[in-house]
Protein chains: 2
Amino acid sequence: MSEHITIFAPATIANVGPGFDVFGLALNDIGDTIEMSLKDEKGITIINGTGCEGLPTNPETNVAGVALKAMLQDLGTDQGITIQIHKNITPGSGLGSSASSAAGAVFGLNCLLGSPYSKNELVQFAMEGEGAVSFSPHADNVAPSLLGGFTVVRSYDPLDVISIPVNMQLWFTVVHPQIEVKTSDSKRMLKREISLKQGIRQWGNVAGVIAALMGGDYDLLGRSMHDPLIEPIRSMLIPGFDEAKQSALKAGALACSISGSGPSIFAITASERDARSVSESFSKIYKRYNIDHHIYISGLNSEGTSIVE
Amino acid sequence: MSEHITIFAPATIANVGPGFDVFGLALNDIGDTIEMSLKDEKGITIINGTGCEGLPTNPETNVAGVALKAMLQDLGTDQGITIQIHKNITPGSGLGSSASSAAGAVFGLNCLLGSPYSKNELVQFAMEGEGAVSFSPHADNVAPSLLGGFTVVRSYDPLDVISIPVNMQLWFTVVHPQIEVKTSDSKRMLKREISLKQGIRQWGNVAGVIAALMGGDYDLLGRSMHDPLIEPIRSMLIPGFDEAKQSALKAGALACSISGSGPSIFAITASERDARSVSESFSKIYKRYNIDHHIYISGLNSEGTSIVE
C-alpha cells in the first residue's frame, strides 16, 4: 500500500456525434494531474492546485470529494485522504473537466487501498461525483476517463459500460473557444421529445460508428458521424460553429461535432498531418472572430486513468 | 447469359430487438424459390407458384413486379421476363415474405443480364418493390435477404446498407402463430414521438448489439437485445407473447423479441441444442392456446440470395 500517489486522468469527448449520453472517448496528454495520500485523521482534505481557482474545496460539493465519499461508503471505511488536483482543462470547456477529477480521485484512492475495485466498478463512484455538478449523474465522460479508448454507456440502470476495440488510427483536433456555456443551460435547450424518425436516424448512425471503429472503416466512420438531433440546437450557443465544421471537413477531417455540451469542437482525422491542417483552419476562424481559444491535437488515449509516479 | 434461372431468397428478421427500421438478418432454408427466364416479348409475366394464393399477378401491384420494373427502368431496357414465385413463408408472418420476393426477383434478373449491379446496388430496387405493399419503402428486410448475414440500414437518404461481420455462432428459433397482423395496423399503433430518454436507451442497446456481434460476446448480446420502445406496443397484438418470451429465456435463449411487425417471435440461442429447447417451449405454449403455428430453427444465412440452379 503506497502512501502517496500521482495520477493522470485524461480529458474526454462525450456524445461523439450520434451517441448522445452514450458515447465517450479519452484524449492523450490533456487532463487532470492528481496527488493523493492517505492520512491518519478521518475526513477528506481537498487542496486546489493549478487551474482550480474558484472550485469548492468542501468534499460535500467538490466532484472529487463526492466521488471519494461514495467509494468510502461502499467500502465501509472512514479512511482519511488528502487530495490536490491540478487542471489543464478549463472547467466548462466541454472536455469533461469535472469527470476527470472524479475519475482520477477514485482511481487514485483505489490504488492507495490495494485495488479492491476494477476500473469498470469505479465508474459508478466517479459518476456519483460528477452528479454533484450536473442535473443528473452521467457516465459518458467518467467512463472513458477511467477506462481509456472509446466507451459506450449501454445502460444506466443497471450501469453497463462497454469498451469498444478501436481497430484504426485516429487523431482528434479539439478547439476550445473561451466562451462560457453552462452544461445546465445547454441541457435545458434540448427537447424532451424527439420524433421516431429522428430516433431511427440516430441509432442507424450509432450502429455505423461502432461498426466503423471495430472494422477499421474510415469511410463508414465519416458517413456515420452525424448528429442531426442535438448538434443543431447546441451549436447555436457556439459562435463560429458552422464555419469551423465546414473548414475542418474541407481540411480533411472525417467528421466534426461538439464535444459534450460544448463549447469545445472536435474533428476526427485519419492522420496527424490532417489533424494539423484542421488545427490551422480552426485557429484562423477564431482569430478572425477575435475569440481566445486553445487547440489540442491528440491521439486516442488507450490507457485511461494511470499512475504517473 | 443464362436464359432460365432458379433463385433462393431467404426469409428475414427485421428490427432484431432495439434496431427498429435499421437491423435485419437472414435465415437459412426458409424463403422464396423463384424461377425466372427472359422472353422475347416485352412485359413482365408473373405466375403464382406454391403458397402464392391470392397474391396479385399484375406487375404494377406485385412486389416482385414493381421491383423488376424499377430495375428495368434504371437499366433503360424493356426486356421481357417470366417469373414464378414459390413461397414457403406465409405472407403476413413478419418474416419478410414480400421482401424475399422482391430481393429474389431483382437478384435473378441481375444474374440473367450478366450482373450489371452489385448486390448492394440491388437493395434500392427491391426496396421500391416492397414499398408497393407497405406505407413507405423499407430496406430492413430486403437488405438481409439480398446480402445475407446481419445488416444495418444506416441511412435511407441516401440509402446506405452495412453488412456487420458476425463473429459468433448463432441459432434462431422462430415461431409463427397463425394469426393475422397487418404491417399497416402494426405501424399505425406506434407513437410518432418518443422521449429523448427512450431514444438514449435504444441507441445504447443498438451500440451494444453491434459490439457483441463483431466481438463475439454472447453475454453482451443478451444484455443489449432489448426493445422497450416498440415491443411493448406490438406485442399486444400477439397472443401469448409475454409467456413465449419468458419461456424462451428460461429455456436458454439469449434474447427473444418480435420478428418485424409480428406475429412471428424469434429467440436467439448460442447452440442448436438450446434452439431445440426453445422450440419445445414455444410449441407447448401455442398448443395450449390452441393456435396453429409453425416453428423454424435456423442458423444465420451468410449468403443471402443465391442461385439454386
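Residues numbered from 1 in each chain as written. Chains lettered and ligands numbered in written order. Predicted model: local features only at pLDDT ≥ 70, side-chain atom pairs only at ≥ 80, totals over all residues. Heavy atoms only, no water.

### Notes on helix α10 (residues 272-288) of chain B
All names here are of chain B.
Inference 1: The first and last C-alpha atoms of α10 sit 24 Å apart over 17 residues, in line with the 24 Å expected at 1.5 Å per residue.
Inference 2: When we look at burial in α10, the residues that qualify are D274, A275, V278, S279, S281, F282, S283, I285 and Y286.
Inference 3: Tucked inside the fold, the buried residues of α10 contact β7 (171-177), α9 (241-250), β9 (255-258), β10 (265-269) and β11 (293-299).
Inference 4: Backbone geometry just after α10 places N290 at a positive phi near 60°. (Helix = DSSP H or I, 4+ residues; strand = E, 2+ residues; numbered from the N terminus. Expected span 1.5 Å × (residues − 1). Buried < 20%, exposed > 50% of the residue type's maximum accessible area, 1.4 Å probe, protein only. Contact = heavy atoms within 4.5 Å.)

### Considerations on the packing of helix α9 (residues 241-250) of chain A against helix α10 (residues 272-288) of chain A
Residue and element names in this part refer to chain A.
Inference 1: Between α9 and α10, the least distance of the axes is 9 Å, while the angle of their chain directions is 155°. Considering the angle they form, α9 stands roughly antiparallel to α10. In terms of crossing hand, the pair formed by α9 and α10 is right-handed. Along the contact surface, α9 presents F241, E243, A244, S247 and A248, while α10 presents V278, S281, F282, I285, Y286 and R288.
Inference 2: Of the residues belonging to the contact of α9 with α10, the class tally is 7 nonpolar, 2 polar and 2 charged. (Axes fitted to C-alpha atoms, helices over the stretch in contact; angles between N-to-C directions. Parallel < 35°, antiparallel > 145°, perpendicular 65-115°, else oblique. Left-handed = near helix turned anticlockwise from the far one by under 90°. Nonpolar A, V, L, I, M, F, W, Y, C, P; charged D, E, K, R; others polar.)

### Brief notes about the relation of the copies chain A and chain B
Inference 1: Structural alignment of chain A on chain B gives an RMSD of 0.0 Å, achieved by rotating through 180° and translating 0.0 Å along the axis. Given the turn and translation reported, the copies of this chain are related as if by a two-fold rotation axis. (Least-squares fit on C-alpha atoms with pLDDT ≥ 70 in both.)

### Some remarks on the environment of B:T82
Residues and elements named next belong to chain B.
Inference 1: By the element assignment, T82 lies in strand β4 (residues 80-87).
Inference 2: Between the alpha carbons of T82 and M36 there is a distance of 5.6 Å; along the sequence they are 46 residues apart.
Inference 3: Non-local contacts of T82, meaning those with residues more than four positions away in its chain, are made with E35, M36, S37, K39, T45 and I47.

### What about the pattern of salt bridges?
Residues and elements named next belong to chain A.
Inference 1: One pass over the structure, following the stated rule, counts 18 salt bridges over all chains.
Inference 2: R223 is paired through a salt bridge with D219; the nearest N and O atoms lie 2.6 Å apart. With R223 and D219 both in helix α7 (residues 218-224), this residue pair falls 4 residues apart, about one helical turn.
Inference 3: Take R223: its relative accessible area is 28%, and that puts it in the partly exposed class.
Inference 4: For E272, the salt bridge goes to R276, with nearest N and O atoms at 2.9 Å. Taken together, the residues span about one helical turn, with E272 and R276 both in helix α10 at a distance of 4 residues. (Salt bridge = Lys/Arg side-chain N within 4 Å of Asp/Glu carboxyl O.)

### Let's talk about the sheet that holds strand β9 (residues 255-258) of chain A
Strand pairing within a sheet occurs via backbone hydrogen bonds; the two strands may be parallel or antiparallel.
Residues and elements named next belong to chain A.
Inference 1: Ordered in space as β9-β10-β7-β11, the 4 strands form an open sheet in which the pairing is antiparallel. Looking at which strands have only one partner, the edges of the open sheet turn out to be β9 and β11 (293-299). Averaged over neighbouring strand pairs, the angle between their axes works out to 15° when direction is ignored.
Inference 2: As paired strands, β9 and strand β10 (residues 265-269) are joined by 4 bridges and run antiparallel to one another. (Pairing = 2+ DSSP bridges.)

### A look at the domain arrangement of chain A
All names here are of chain A.
Inference 1: With domains assigned, chain A is organised as domain 1 (4-163 + 303-307) and domain 2 (171-299).
Inference 2: Computed from C-alpha atoms alone, the centre-to-centre distance between domain 1 and domain 2 is 24 Å.
Inference 3: Listed as interface residues are 26 residues of domain 1 and, on the opposing side, 31 residues of domain 2.
Inference 4: Interface of domain 1 and domain 2: buried area, both sides summed, is about 2,100 Å²; carbon and sulfur atoms make up 68% of it.
Inference 5: Applying the counting criterion to the domain 1 and domain 2 interface returns 0 salt bridges.
Inference 6: The interface formed by domain 1 and domain 2 holds 6 residue pairs in polar contact (both at pLDDT 80 or more) in total.
Inference 7: Put simply, the parts of the chain that give the side of domain 1 that touches domain 2 at least two residues each are β1 (4-14), β2 (23-39) and β5 (150-156).
Inference 8: It is β2 that provides the largest number of residues to the side of domain 1 that touches domain 2, a total of 6 residues.
Inference 9: Considered class by class, the residues forming the side of domain 1 that touches domain 2 number 14 nonpolar, 11 polar and 1 charged. (Domains from an automatic or database assignment. Buried area = accessible area lost by both parts, 1.4 Å probe. Polar contact = N/O pair within 3.5 Å; in protein donor to acceptor, adjacent residues only side chain to side chain.)

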